[in-house]
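Working through the structure, step by step
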Amino acid sequence: MKLNILIGGEAGQGLNTIDLILGKTIFRSGYHLFSSKDYMSRIRGGHNFNMIRFSNEPVTAISDEVDILVALNEETVTLHKDQLKEQAIVIFDGDVDTGGKELISLPARTIAKEINPRGVNTVFVGAVLKILGLSIEKARAVLKDYFKKEEVADDNIKLLEKGYQKVNSYFNLPAASGLKDQLYLDGNNAIGLGAAIAGVQFYAAYPMSPSTSIMNYLASKQSQLGIVVEQAEDEIAALNMALGGSYAGIRSMTGTSGGGFALMTEAVGLAGIAEIPVVIADIQRPGPATGLPTRTEQGDLLFAINAGQGDVPLMVVAPRDHKDAFEQTFRSFNLADKYQIPVIILSDQFLADSARNLESFQLERLKIERGLPSPEELAKIKDYKRYEITETGISPRIYPGQVPGEVVLIDSDEHDQYGHIIEGAAMRKAMVEKRGRKIAKLAAEELLEPVYQGGETIDFLLIGWGSSYGPLQEAVQLLNQAGYHTGLLSFNDVWPLPTGELTSRVEKGARVIVVENNATAQFSRLIRSETGLTAEKSILKYDGRPYSGKEIFQRVISEVIQ
Amino acid sequence: MAGFRYESDRVTAWCPGCGNFPLRKALVSALQELRLAPEQVVMYSGIGQAAKMPHYIRVNGFNGLHGRALPPSLGMRVANPGLKVIVESGDGDTYGEGGNHLLHNIRRNPDLTHLVHDNQIYGLTKGQASPTTGPDQTTSVQPNGITAQPFNPIRFALGMRASFVARGFVGEQDHLKELIKTAIEHRGYALVDILQPCISFNKVNTYQWYQQRVYKLDQDYNPNDYRVAIAKAEEWGERIPLGVIYREERPVFRDYLQQLDDKPLVEKSVQPADLEYLLEDFR
Ligand SMILES: Cc1ncc(C[n+]2csc(CCOP(=O)(O)OP(=O)(O)O)c2C)c(N)n1
Ligand SMILES: [Mg+2]
């Protein structure tokens, strides 16, 4: 059983607070959950909603069907009436037409007025907990963590209790699976956390939805970690600053969305030719240009892998889910350092703004690899050549001031082994090939093959990349339940593209369907250009909204099977 | 310590007689007299003839993108306060393509010296107008003369209240050397606009043109007086003042980074397991 709670209202009504407190309470009660945000690019008014879907089985995607609708305004009921399930409940402060569904009229404002008018939303949280039959104890602790001021926390606890007392229980929930040692976090926090744990010391960025919360997270930790977050004057400066930090010897990163990434591209090339390690998060939103600022899309794929003029050595990784966002961020720093290249983390608003539970990370297993010379190697450095031509293409990297008597010169012009500007054909060729060897080595030794889920004999193979993994998992489950033998291949390394698993799966002869969140089937085109394989069908979505598992399921049925 | 060798043996891409040569000479003497070892100096530059300096002098160098010499230098200020940072680029690079970075770094006041080779022209791209090219001057792209108002870097920097603003001239070697030394020793952002002819593409602002106009500010001039400096910044045309036009001591970029201690970030490292506490927020 999976239950879906939708909380809707205007921007500025405090939806995120309800979402956070309710979500965390459900999480701490031991359930699996997945919460997501659907919001407009505005500060007041409009219509926003959050959804919390939970169960005692893993939840990996959103659902369009609503069990409990918390309506902070009347419009929310009008807009979401059609999504209400047969047994659904609507909670609203006042009277409203629910189309025959159960209405709980909760006088939240009147209740809050007596205690603390700013805590209206907490009354709703209390009511929802009671309706679900969940214990209120966990919510009290969550409120204490959330509201730093004691009086405010106390007021909210009172309001929570009032809401709880006001309504009846409706659901008889199965006991929680009793999950242990779990974390509950969104995709951008997973990236920020991954960067912090990888030892990032400098994050320079310019605010842009939906990437900004990475910067917020690291900024909130900068005192504790002793690191620096700088708000750059623009994205061009942001990446160039990060490159300066990396050249100076510290792990550096930037993050943005498509528009900012477009401004960064010249410096992506600089990182490539000057061989400066850097990690760049592009949290995609629908483009072109300003597009839909707070919505989701996987439309930057071909742009990201081709970022920068010329043949830029780079890597693009698209995290599949929250755990992967953390792990891939950590890994990106190691690979950037080892191969001295820019590594682009291609996430999107869906992953960035959705949160879910996952098993806690085993930090002692993680190893930071800076790719810097050992003390013995350092001692041997004489007449240092930043771009020494080596068999692997990787040159020993030191930072300025590290070795007495030696200077470090990097150059955006084509250069010789010392980093000096050159124009000679032979040296140019040698340097292009040196950079090429690094990428060849990376492709041969480092790539993660896509994960495969499904039986060995299948009729349908669904292929996805990045954040569509969760919805695809549900869709494949539904398809198999409906009797269609379906497997799933989900990529997270997208450039260079690992092709081994892909070719061997496709060769087995199932009908191949690529599912993407863009209009022009970018991943299908990439597969074709890298392997010559052509998918039978692309399922595409470009309305700025994420897939639900059921939507993919239905579209496979209607667009492929029928 | 004359023992340090800064000049590289490389053949330059500069025209014989280019103002970049005397500028390099002044810079090398300044570094020598300040007894800075080559590995203690980091030079950031953009793209242009001036911006090739890191190839013709032996210090650490970051020859980055056109207009983007300043942003990477901030990364060094974050990572390692121990090294001397010199940003060096042309007038087009600094005042044109890189204008936004200029304005914001004056606000940040990082501890660095910014040497702008102001030949009042785009040299490398063969003679188009730069922001400082004089009014009515004709070029291949502005055959009817430049109509936009010229940019006055001194007035701009003062308007932004830069903590150190100076003007030098390559024809005044000793004066320029002393100016560069003072700028390097200034704690904070120091802008030195350095007049130099472009013998190939700027037929107006020649050595002679400058020599007829420049004069050195003397002891009577007080560079700590902001109002006086503002008035001085207006002076251009018939008479062009050289020297430190304005200076003040104020906190630098790194002073505001209270989370940092004396140990440079570049000498610090962490182990993932030490950061277990970060997971608490998500439980
Ligand atoms: C993004 C970008 N735009 C344009 C150019 C071409 N370009 C190179 S140098 C330059 C102007 C150089 O003028 P200045 O900075 O005054 O340097 P100078 O050559 O005069 O020393 C231009 C436009 C470039 N390299 N990169
Ligand atoms: Mg110039």
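This one's a predicted model, so the numbers in the text were calculated from it and none came from an experiment. (Residues numbered from 1 in each chain as written. Chains lettered and ligands numbered in written order. Predicted model: local features only at pLDDT ≥ 70, side-chain atom pairs only at ≥ 80, totals over all residues. Heavy atoms only, no water.)

**Some points on the state of the cysteines**
All names here are of chain B.
- Using the criterion set out here, one finds zero disulfides over all chains in the structure.
- Take C18: it sits in no disulfide, and the sulfur closest to it among the cysteines is that of C15, at 6.0 Å.
- Residue C198 stays outside any disulfide, its sulfur separated by 6.5 Å from that of C15, the closest cysteine.
- Given a relative accessible area of 10%, C198 falls into the buried group. (Disulfide = S-S within 2.5 Å. Buried < 20%, exposed > 50% of the residue type's maximum accessible area, 1.4 Å probe, protein only.)

**Concerning the interface of chain B and chain A**
- The interface is formed by 50 residues belonging to chain B together with 69 residues belonging to chain A.
- Both sides of the chain B and chain A interface together cover about 4,900 Å² of buried area, and 62% of this is carbon and sulfur.
- Here chain B and chain A share five salt bridges between them.
- Two residues, E230 of chain A and R108 of chain B, come together in a salt bridge whose shortest N-O distance is 2.6 Å.
- Secondary structure elements with two or more residues in the side of chain B that touches chain A: β1 (41-45), β2 (60-63), α2 (70-79) and α4 (99-108) of chain B.
- With seven residues, the top contributor of residues to the side of chain B that touches chain A is α2 of chain B.
- Pairing analysis gives three bridges linking strand β15 (residues 409-411) of chain A to β2 of chain B, with the strands arranged parallel. When the sheet's bridge partners are listed, D411 of chain A is paired in β2 of chain B with N63 of chain B. (Contact = heavy atoms within 4.5 Å. Buried area = accessible area lost by both parts, 1.4 Å probe. Salt bridge = Lys/Arg side-chain N within 4 Å of Asp/Glu carboxyl O. Helix = DSSP H or I, 4+ residues; strand = E, 2+ residues; numbered from the N terminus. Pairing = 2+ DSSP bridges.)

**Overview of the nonpolar core**
- By size, the foremost hydrophobic cluster in this structure holds 97 residues, and its most contacted members are L243, L461, I463, F491 and F523 of chain A.
- Excluding residues that lie within four positions of it along the chain, L243 of chain A makes contacts with A267, L270, A271, I276 and V278 of chain A together with F62 of chain B.
- Of all hydrophobic cores here, the second largest spans 48 residues; its members include F27, V70, A108 and I131 of chain A. (Core = buried A, V, L, I, M, F, W, Y, C linked by side-chain atoms within 4.5 Å.)

**A closer look at the coordination of the magnesium ion (ligand 2)**
Residue and element names in this part refer to chain B.
- Taken together, D91 (OD), N119 (OD1) and I121 (O) make up the protein donors of the magnesium ion (ligand 2), found 2.1 to 2.2 Å from the metal.
- The sequence motif formed by the donor residues of the magnesium ion (ligand 2) is D-x27-N-x1-I. With a gap of 30 residues between them, D91 in helix α3 (residues 91-97) and I121 in the loop between β4 (112-118) and α5 (153-159) connect regions that are remote in the sequence.
- A relative accessible area of 2% places I121 in the buried class. (Donors = N, O, S within 2.8 Å, 3.2 Å for Na, K, Ca; no water.)

**Overview of the confidence of the model for chain B**
- Here chain B shows a mean pLDDT of 96. Residues at 70 or above account for 99%.
- Scored as a complex, the prediction yields pTM 0.97 and ipTM 0.98. (pLDDT = per-residue confidence, 0-100.)

**Comments concerning the site of ligand 1**
- Taken together, 17 residues sit near ligand 1, with Q49, D91, G92, D93 and G123 of chain B positioned nearest.
- The environment around ligand 1 is built from residues contributed by chains A and B.
- Here an oxygen atom of ligand 1 and a backbone polar atom of Q49 of chain B are 2.8 Å apart.
- Within the side chain of N119 of chain B, one N or O atom sits 3.1 Å away from an oxygen atom of ligand 1.
- Expressed as a share of its isolated accessible area of 590 Å², the protein-covered part of ligand 1 is 78%.
- For the shell around ligand 1, the element with the highest residue contribution is α3 of chain B, accounting for four residues.
- The residue makeup of the shell around ligand 1, split by class, is five nonpolar, eight polar and four charged. (Near = heavy atom within 4 Å. Polar contact = N/O pair within 3.5 Å; in protein donor to acceptor, adjacent residues only side chain to side chain. Areas by Shrake-Rupley, 256 points an atom, 1.4 Å probe, with all protein chains shown as cover. Nonpolar A, V, L, I, M, F, W, Y, C, P; charged D, E, K, R; others polar.)

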